[in-house]
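Descriptive structure summary
Residues per chain, in single letters:
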Amino acid sequence: MTDLLNRPEGGPNDDAEGMAVEPITQWDLFIARLRRHRLAMISTIFLFVIIIVSFIIGPLLSCDKGAVECDFPQLWDYTDGLRDDNDRLLVNIAPRTEIPFGTDELGRDVLARVVRGGQASLTVGFVTGLLVASIGTVVGALAGYYPGIVDQALMRFTDLILGLPLLPVAIVVGRLLPELTFLPDWMQSGPWGIAFLLGFLLWGGLARIVRAEFLSLREKEFVEAARAAGASDRRIIFRHILPNAMSPIIVQTTLIIGAAIIIEAALSFLGFGVRPPTPTWGGMAAEGGGVAVRGFWWELVFAGSALVSTVLAVNFIGDGLRDALDPTQTIERK
Amino acid sequence: MRAVDGVSFDIAAGERRGVVGESGSGKSVTAMSIMRLIEPPAGEIVTGTIDFQGTNLLAMPEDDMQDVRGGKIAMIFQDPMTSLNPVYTIGDQLMETIMLHQHVNKHDARDIAAQALDDVHIPGPQTVLDDYPHQFSGGMRQRVMIAMGLSCNPDLLIADEPTTALDVTTQAQIMDLMLQLAADRGTAVMLITHDLGVVAGFCDTIQVMYAGGIVESGTAQEIFGDPQHPYTWGLLGSMTRLDESHAERLHSVRGAPPSLINPPRGCRFNPRCDFVQDICRASYPALRTSGGDDQLAACHFAVDLDLKTIDVREGSTT
Amino acid sequence: MLAYIIRRLVYGVVTLLALSLVVFLLIQASGGGPLDRLKLNPRMAPVIAQLTEQWGLDKPIMQQYFTWLRNFVTPTDVASAAGLTVIFGKIGIQGIMPIVTIVIAGAYTAWAFLAKINQSWWRAFRAFSIVFVWVIGLWLAKSRIVFSLSWGDSFRGDGAVWDNIFGAAGATFRLGITALLLALLIGIPLGIFQAIRQYSFFDQVGTTLSFIAFSTPIFIIAIGFQLLLALYLEKWTGVKLFFVTGMTDPGYNDLGFMAQIGDVVRHLVLPALSIALISIASYSRFQRASMLEVMHSDYLRTAKAKGLPRRRVILKHALRNALIPIVTLVSLDVAGIIGGAIITESIFGWPGVGRLYIQAINAVDYPTVMAVVMSIGIGIVIMNIVADILYGVLDPRVRYD
C-alpha cells in the first residue's frame, strides 16, 4: 500500500531542506486522515464483525438439517420452522428471550436466518466489487493508455454498457437466470450468478474514471522518464501509472459493493434475486414487509436493519477512504 | 496558526505602495483582511484596527462594508482566468458593480462600463460587453478586471500579484496601464508581488514581509539603496539585473519559509539568516527606525550591520 | 450542434439495438423458447399457431430477431404510417388543436434558437421553455393522435402491447414526474443550505440522513412509508392521510373537482416520495459539493470584493454555476427513477409500466418485455441528449463539435 500512495505530487515537506522537521510520508497521512474519520473506523470494525458472523459463525451455528453436509451439531436450522411440543409450527412468534428475533411466516428462526443471510448478500457485494474493479480497471487502463482505435472501440463499448437501463435488464436476466441451462449450476442460482450479472452491468463508470486518470497520468513527466529509460508498456501501466490511479479505483469499488447489495435486495424483493432456500437480507426484508402489514414487524425490522447498517458501513468506509486517499489534502485541513 | 501577526502600516492618498515577500509570507492575507474577505472556517481576524479615511473597517457593519468593497477600495486578483464568473457576460459583471455603487440605471451603467473598457484599451467595448470571459485571453481578462476595479473611482486599489499569471510581454503593459489609470484618478495603489523588479519600477514606498510580519519598510530609494534587513538584502541579491555583468553569481536565500503553525523562536528569519546570533534565537526584534528617515527594519543588528561590506557568497558569517 | 445531436442519436440507436439483441437472445435461450408455457394449455393451440406465424417462431433465431425488429419499427396500418395522423372527422377547434399546438411549439423552438440572445438567465429560461412548450403541446395533441407501431399482441392474452404500454405510460409519467419534481425541489435547496452552513448541525444531520437513504433499498423505504405514514398513522391517530393502493379511489368520478385533486394527491404522495427519497439524497449531496467548490472559487471572491451583498453573491454568482453539473446528474438519474418506479408500482398497486413489466416478466410475455425494455431505453437515450443540450445552454463555455 505504501507504494500505491507515493503520489508524484509528493509530501508537503519535499522542499523543506535544511529544516529540522520529521518527514511525513503519504502512508502516515493516509492513516492519520483515516483515523480522523471516526465513522469510517467504526464502520470498518462493524463490517469486519458482520463478515466474521456471516461467513464463519453463521455457517458454524446454523445449517439445513435436512441436507447431507449437516454433520456438525449446529444450533440452528435456517430452513425448517420451529415446532412446539405438539409438533405445531411456531408461526410469526414475536421476539422473546429464547427466540430473540422471533419467527417468520413459516416458523423459521429469524435470528438464524439473519446470521446466515449475510453470506449471500455480502458475497454478491464483494464478488460484484471484484468483477467491477478488474473489468473496469483493465478496460479503462487500455483505453486510456492506447489512444486511437483501441480507445475508441473500448469507450464505445463502455458507453453501450452505461446506456443499458440497469434495473430493467437486471430484472429480466435475474428472472431468466435459473432457466439458462447453458450456464453452470453455480451461476444459475445463488449469489454468484447475481454477482456476475451485476458485475457485468456496473463496470462502465469505473472504466471511465480509470481512463480519465490514465489519460492525465500518461502525460506526466515520471511516465515520460520511465519510457525514456526503456520500460515496456506493461511495466509502465502496472508499475508507474496504475499505482497512482489506485485511489479512485478503491473508492469507486467500495461504492459499487454497497450498490450491489442494494440491487440484489431489490431483485430478491421482486423474486428474481438469490432464490430460496438460501436466505438473503433483501429476500427476508421483502417477506417481512408482507407480514408487517398484519403487525408482525420483526422480520422486516431485523433483516432490514442488518442490510441497511451493513450498506451504510460500506458507504461510510468509502467516504472515509475518499478523504484519506486524497493526496491533495494535508493534515492541517479542518 | 497565525498567518499574519503584528502587521502595522499606513498608505497615504495617492501613494503607490509595493508589498514584497515570498509566497506564504502573509501579503495576500493582509490584503484580504483590509477588504474583510476572510471568513470562517478559512480564517478570522482576531484583533487589530484597519483605519480607512477615519473609520475602523473592522468595526463597520457589514452593510457599510459592502459600500467600501468595490466602491472605495477595489481589488484585483492574481489569476484573471478564474477571477471572472464564466456564466455571465463581461457587461453583466461590470454593470453589476457600477449599478451597485453609483446608483445609476441599467442604460447609464452600460455607458459607464463601455467607457471603462475603453479606458483599459479594449477595442470595440460595446460588443465586448456582450461577450463571455472565456472568449478572451488572460491579458484581456486582467484588463477587464482593472476596468471593473477602477470603474467606481475607488480611493485605494489593491492589486494582488496582478501580472504573475500573465506572460512577460503583457506584464509590463498591464502594470503600466493600471498605474497610469490609478495616477490619473488619484487612486492609491497597494501592489502585492514577489517580484522586486516590478516594485522597483512602479512604487514610491515598499514594505517587505516575511512569515506573517513586516521585516522592513521605507521608500523605494531607501530599500534599494541601503537595505537594513538581511532578508531584504537576500531578496535584492536574488534579482536578475540586466545592467550588471554576469560575473557575479545570483544569490538565493537559502532554505524555505518557516511553517507558521510552528514558527521558529525569536526572529523568524533566524534559521535562514547568515548573520544569526544567540539573541536572534531568543527574542523577536521590534520594527525600529534604521537607515533612512522613513526606513524601519525588524532586525537586532539593523543599525550595526553594514551588509554591503560582508561577503556572504563564501558562506562566511561573523 | 446538429452534427453532435445526430452522432449522439446514432450511438443511442446502436445501444438500443444491442439492448434488444441481448434481451431477445436471453429470452430465447431460457427454457426452450417463449411459447413453451402456453403449450401447457391445450386451448391455446390456435393462439400458438397465430403467434408462431406472426413472430416467425419456427424460423432460426436471428431471423426471428429481425422479424421482431422489423415489426417493432413498422406502423400498424396505412393511417398510422402516414405519421401523426389527426382525425379530421370532427373538424373544428378540437381537431385542429394538435396541429396548432405542434406548429406553435415548432415555431417557438425555431425562433428561440435563431434569436441572438446574450442575457444568461434568458438563455436558461429559453431552454426550459422549449421543453415545456413541447410537453404541453404534445399533451394537448395526444388524444387526437392516432399512431401505433406493430408491437404485437401480449402472450398473456390481454390485447395489443402498444395499447397496454401507452395505457400505462400516463400513470408512470404522473408518478415519475412527481418524484423528479419532489427530488429537485427538496434536494437542491437542501444541498445549497448545507453548503452555506457547512459543518453546521443542519449540515451534519442532512449528510447522515442522505447516507442512510443511499443505503436503504427502495422497497424498504416504500414499505416503511406504507406502514408508518398510512397503516400505523391511521391505527394510532385515526387520521387517514394517505392511500396505499392505486391511483384514485373507486368512486373518483363522483367526487367534486377539489375532492378529485385531493384524492389524486393522497394517492400520489407516498409512492412518489418513496422514489424521490434516494434522488433527494443524491441531489443534495451533489449540490452541496458543487456549491462548496463554487464558493471557494476565485470569481466568487471577485463578486464579494465588488461589494455585492452575500445574498446576491450566493443567489446570482454561486447558484448559477453550481446548478450546471446537476443537469447531468438528473439526466443520469432518470434511469434510477424508472427503476424506482418499477419497484414502487408493484408495492403501491400503481397501474403503470413498471407493474406491467413485472407481470410480463413473470409470464415471460416476450413481446411486452421487449417493448417495455425498449421504451425505457429510448426514454433514457432521449433524456441524455436533452441533458447535453441543456448543459450547453446553461454553460456558455461548452461548444459542441
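In what follows, the structure referred to is the one given above.
Presented here is a report on the structure given in the accompanying data block. (Residues numbered from 1 in each chain as written. Chains lettered and ligands numbered in written order. Predicted model: local features only at pLDDT ≥ 70, side-chain atom pairs only at ≥ 80, totals over all residues. Heavy atoms only, no water.)

So, the overall build of chain A
This is how it is decided: Under the scheme used here, helices are H or I runs from DSSP no shorter than 4 residues and strands are E runs no shorter than 2 residues, and both carry numbers assigned from the N terminus. Any residue under 20% of the maximum accessible area for its type is buried, any over 50% is exposed, and the rest in between are partly exposed; the area is computed with a 1.4 Å probe on protein chains only. In what follows, residue pairs with any heavy atoms lying within 4.5 Å of each other are defined as contacts. Surface accessibility in these figures is a Shrake-Rupley result with a 1.4 Å probe; residues are shielded only by whichever protein chains are displayed.
Along the backbone of chain A there are 14 helices and 2 strands. Of all 334 residues assigned to chain A, the portion counted as buried reaches 52%. When contacts within chain A are restricted to residue pairs at least 6 apart in sequence, those whose partners lie at least 24 apart make up 69%. When the accessible area of chain A is evaluated, it comes to approximately 15500 Å², of which 62% is carbon and sulfur surface.

Focus on the overall build of chain C
Looking only at helices and strands, chain C features 15 helices and 2 strands. Residue burial in chain C is summarised as follows: out of 401 residues, 49% are buried.

Overview of the environment of B:Glu161
All names here are of chain B. Cut-off, in case you're wondering: What qualifies as a polar contact is a pair of N or O atoms within 3.5 Å, subject to a donor-acceptor requirement within protein and to the restriction that residues adjacent in sequence count only when both atoms come from side chains.
Structurally, Glu-161 can be placed in the loop between strand S5 (156-160) and helix H8 (168-185). Note: C-alpha distance between Glu-161 and Ile-11 (150 residues apart in sequence) is 18 Å. With sequence-adjacent residues up to four places away left out, Glu-161 is seen in contact with Lys-27, Phe-77, Gln-78, Ile-192, Thr-193 and His-194. A polar side-chain atom of Glu-161 sits 3.3 Å from a polar atom in the side chain of Lys-27.

Topic: the interface of chain C and chain B
Note the following rule: The salt bridge criterion pairs a side-chain nitrogen of Lys or Arg with a carboxyl oxygen of Asp or Glu, the two atoms within 4 Å. Here the term charged refers only to Asp, Glu, Lys and Arg, the term nonpolar to Ala, Val, Leu, Ile, Met, Phe, Trp, Tyr, Cys and Pro, and the term polar to all other amino acids, Gly among them.
Each side of the interface is counted separately: chain C has 26 residues, and chain B has 30 residues. At the boundary of chain C and chain B, one finds 3 salt bridges. B:Glu96 serves as the salt-bridge partner of C:Lys316, at 3.0 Å between the closest nitrogen and oxygen. At the boundary of chain C with chain B, the tally comes to 12 residue pairs in polar contact (both at pLDDT 80 or more). Sorting elements by how many residues they give to the side of chain C that touches chain B places helix H13 (residues 310-348) of chain C first, with 7 residues. Of the residues contributing to the side of chain C that touches chain B, the split by class is 8 nonpolar, 7 polar and 11 charged.

Focus on the sheet that holds strand S9 (residues 288-289) of chain B
Put simply, the rule reads: Pairing between strands requires that DSSP locate at least two bridges from one strand to the other.
The 8 strands are arranged S4-S5-S6-S1-S7-S8-S10-S9 (chain B) in an open sheet whose pairing can be described as mixed. Across the chains shown, the open sheet's two edge strands, defined by having one partner strand only, are strand S4 (73-76) and S9 of chain B.

Regarding the interface of chain C and chain A
We count it as follows: Accessible surface is computed with a 1.4 Å probe, and the buried area is the amount of it that two parts give up when combined, taken over both parts together.
Of the residues lining the interface, 40 residues belong to chain C; the matching set on chain A comes to 39 residues. Together, C:Phe211, C:Ser215 and C:Phe219 form the three largest contributors to the area buried by chain C at its contact with chain A, with a combined 17%. Where chain C touches chain A, the interface holds 5 residue pairs in polar contact (both at pLDDT 80 or more). Counting only elements with at least two residues in the side of chain C that touches chain A, the list comes to helix H1 (2-29), helix H9 (201-214), helix H10 (218-237), H13, helix H14 (353-362) and helix H15 (366-394) of chain C. Broken down by element, the side of chain C that touches chain A gets its largest block of residues, 9 residues, from H1(C). Class assignment for the residues of the side of chain C that touches chain A results in 29 nonpolar, 9 polar and 2 charged.

Structural notes on helix H11 (residues 230-237) of chain B
Residues and elements named next belong to chain B. Counting buried residues along H11, 8 of its 8 residues qualify, which places the element largely inside the surrounding structure. All buried positions along H11 are accounted for by Pro-230, Tyr-231, Thr-232, Trp-233, Gly-234, Leu-235, Leu-236 and Gly-237. Against strand S1 (16-20), helix H9 (196-202), strand S7 (205-210), strand S8 (213-219) and helix H10 (220-225) lie the buried residues of H11.

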